[in-house]
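Notes for the structure review
Single-letter residue listing:
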Amino acid sequence: MKLRIFVTSLRTFAGPGYRPPLLTSMALHNDLSHRRRLLSAWATDRVRQQESFQAELIKARRIVVLTGAGVSAESGIPTFRGAGGFWGKYSATELATYGAFVRDPSLVWTFYEYRRATVLQTKPNPGHVALAETEAVLENNEKKLTIVTQNIDGLHQRAGSKNVIEIHGSLFKTECTKCRKVEENLQVPICDALKDARMPDADNEQLKIPEEQLPRCGSCGGLLRPHVVWFGENLDEEVLKRVYQELGSCDLCLVVGTSSVVYPAAMFAPHVAARSVSVAEFNMELTGGADASNYLFLGPSGKTLPEALAPLLKALQKAENLVF
Ligand SMILES: NC(=O)c1ccc[n+]([C@@H]2O[C@H](COP(=O)([O-])OP(=O)(O)OC[C@H]3O[C@@H](n4cnc5c(N)ncnc54)[C@H](O)[C@@H]3O)[C@@H](O)[C@H]2O)c1
Ligand SMILES: [Zn+2]
């Protein structure tokens, strides 16, 4: 499979004239000198490769965009595997389990309420906005863009995206532990007792809220939990079915800001590539996701996404203006 590279702010390593060889996934992932050669190839081949991606983009009728925490990094929301993966003395992964919720629902709700409040203070970045604008323009042209996101921050929707499948749930939905009802909830604080939810540190004693004062179900009175998929839990089958329908019918796939280590999301791009459909990865670094990719855009997605999508937006908006 040929790998095409677009790099934003990266030094190049070798002289001109080099063309990327055919790659196997192992070669890409394990061979650093190969990676360097690929980066240097960008310096000499950039225009042709941009044209090739743009040609596919303009022809595509159904685009699927898989996003992860990296797409929200420039909005100020830390990624899981970045430095912000800790919450006070707790590892975020330790708090995001059903076991943690059963042991200490007050602690887990405080963690989620703090995240809800923090996320509501952030704004969608130009990467989110470019995707939302592209979806709208494609829709006017009887084409479709669907976002399949691992994020739970709701920023795609706040940017204006409508076709969003949230495979790991949402910070702004609750689920009743008794009657299983799922409801949207944008209220912060979600209940009086959580109004002081803050990051625990030396000066900041952890809240110990009795269960009766934590968020309760309006229908049956049961304890509510955040409607997010925790570590060790399965993804919703109906949601997965919708994802595979989109993956099975798309003719171009973009993978943005994900480390491609969380399953089953890590398998989505390989699933698309197995049908010989092109995949473009947008990331700060080469990840396992690049194994399935034909195109690679290295750099912050708040810059690379708008740049990559601008020619399509311009072409379609121009076409719209010609229709009276
Ligand atoms: N915003 C959120 O909702 C949020 C935040 C943290 C974690 N999570 C959850 O954690 C899990 C982590 O998996 P993941 O793969 O989504 O995240 P991850 O933290 O494992 O990986 C983030 C990826 O984004 C890349 N990245 C960082 N900044 C970027 C930028 N500006 N532009 C482009 N790429 C950038 C990194 O190189 C990395 O590969 C997911 O299940 C997700 O639900 C969600
Ligand atoms: Zn209930």
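The name given to the protein in an unreviewed UniProt entry is NAD-dependent protein deacylase, and the organism recorded there is Ramazzottius varieornatus. As its UniProt record puts it under Subcellular location (unreviewed entry), the protein is described as follows: "Mitochondrion". The record held by UniProt for the protein lists under Function (unreviewed entry) the comment "NAD-dependent lysine demalonylase, desuccinylase and deglutarylase that specifically removes malonyl, succinyl and glutaryl groups on target proteins. Has weak NAD-dependent protein deacetylase activity; however this activity may not be physiologically relevant in vivo."

Notes on helix α8 (residues 237-249)
In this model α8 runs 18 Å from its N-terminal to its C-terminal C-alpha over 13 residues, within 8% of the 18 Å that 1.5 Å per residue would give. Buried within α8 we find V243, E246 and L247. For α8, the buried positions fall inside an angular range of 100° around the axis, keeping them on one side. Facing away from the buried side of α8 by over 90 degrees, the exposed positions are E237, E238, K241, Y244, Q245 and G248.

Brief notes about the environment of A274
On the secondary structure map, A274 appears in the loop between α9 (265-273) and β11 (279-283). Expressed as a C-alpha distance, the spacing of A274 and A292, which sit 18 residues apart in the sequence, is 8.5 Å.

Regarding α9
All of the buried residues along α9 are A265, A266, F268, A269 and V272. Projected down its long axis, α9 shows its buried positions confined to an angular sector of 160°, all on one face. Of the surrounding elements, those touching the buried residues of α9 are β2 (62-67), β5 (144-149), α8, β10 (252-256) and β11.

A few points about the pairing of strand β9 (residues 224-228)
Within β9, four of the five residues are buried, which leaves it mostly tucked inside the rest of the structure. Sheet topology note: the strand β7 (residues 169-176)/β9 ladder contains four bridges and is antiparallel. Considered in β9, the bridge of T174 is made with P226.

What to know about the site of ligand 1
Ligand 1 sits among 26 residues. The nearest are G68, G70, T79, N151 and S259. For the shell around ligand 1, a count of residues per class yields nine nonpolar, 13 polar and four charged. Among the domains, domain 1 (4-72 + 124-168 + 235-322) and domain 2 (78-121 + 169-228) are the pair contributing at least three residues each to the shell around ligand 1.

Considering the sheet that holds β7
Judged by pairing direction, the sheet is antiparallel, and its three strands sit side by side in the order β8-β7-β9 without closing on themselves. Either end of the sheet is taken by a strand with one partner, and the two such strands are β8 (182-184) and β9. Averaged over all pairs of adjacent strands, the angle between strand axes in this sheet comes to 40°, irrespective of strand direction. The strands touched by helix α5 (residues 105-120) within the sheet are β7 and β9, with β7 carrying the most contacts at an inclination of about 140°.

Regarding the UniProt feature "binding site: Zn(2+)" (unreviewed entry) in the protein
UniProt's entry tags C176, C179, C217 and C220 with the feature "binding site: Zn(2+)" (unreviewed entry), counted in the numbering of this structure. Their sequence span is 45 residues, while the largest C-alpha to C-alpha distance among them is just 8.5 Å; these annotated residues converge on one region. Following the sequence through the fold, C217 ends up in the loop between β8 and β9. When sequence neighbours within four positions are dropped, the list of residues in contact with C217 reads C176, K178, C179, K181, G222 and L224. Residue class for C220 comes out exposed when judged on the 12 C-beta atoms lying within 10 Å of it. The contact partners of C220, leaving out residues within four places of it in the chain, are C176, K178 and C179.

Let's talk about unusual backbone geometry
Between V188 and P189 the backbone carries a cis peptide bond, its omega angle lying at 0°. In the segment running from Y263 into P264, the intervening peptide bond is cis, with an omega of 5°. The residue P264 is located in the loop between β10 and α9 in this model. We note that S260 has phi near 55°; this positive angle belongs to a residue other than glycine. In this structure, S260 sits in the loop between β10 and α9. Its identity is not glycine, yet S276 carries a phi of approximately 65°, on the positive side. By secondary structure assignment, the location of S276 is in the loop between α9 and β11. Overall, the presence of 8 C-beta atoms within 10 Å leaves S276 in the exposed class.

Each value, and the rule that gives it
The residue numbers shown here count from 1 along each chain, following its written sequence. Here chains are named by letter from A upward and ligands by number from 1 upward, in the order in which they appear as written. Totals for whole chains, interfaces and linings use all residues, but because this is a predicted model, local features are given only for residues with pLDDT of at least 70 and pairs of side-chain atoms are given and counted only at 80 or more. UniProt positions are given in the numbering used here, feature names are shortened, and annotations may be inferred rather than shown by experiment. Strands are runs of DSSP state E lasting at least 2 residues, helices are runs of H or I lasting at least 4, and numbering of each runs from the N terminus. In this analysis, the expected span of each helix is defined as 1.5 Å times one less than the number of residues it contains. Exposure in this text rests on C-beta crowding, where 20 or more other C-beta atoms within 10 Å of a residue's own make it buried, 12 or fewer make it exposed, and counts in between make it partly exposed. The C-beta atoms are placed from the backbone. In this description, the arc belongs to the directions extending from the helix axis to the C-beta atoms. Placing a C-beta atom from the backbone of each residue, one calls two residues in contact when those atoms lie within 7 Å. Two strands form a pair only when DSSP identifies at least two bridges running between them. For each residue, a C-beta position is placed from the backbone atoms; the residue is near a molecule or strand when that point lies within 6 Å of it. The classification used treats Ala, Val, Leu, Ile, Met, Phe, Trp, Tyr, Cys and Pro as nonpolar, Asp, Glu, Lys and Arg as charged, and all other residues, Gly among them, as polar. Where each domain starts and ends follows an automatic or database-derived domain assignment. Note on geometry: axes are lines fitted to C-alpha atoms, helical ones only across the stretch in contact, with angles between N-to-C directions running from 0 to 180 degrees.

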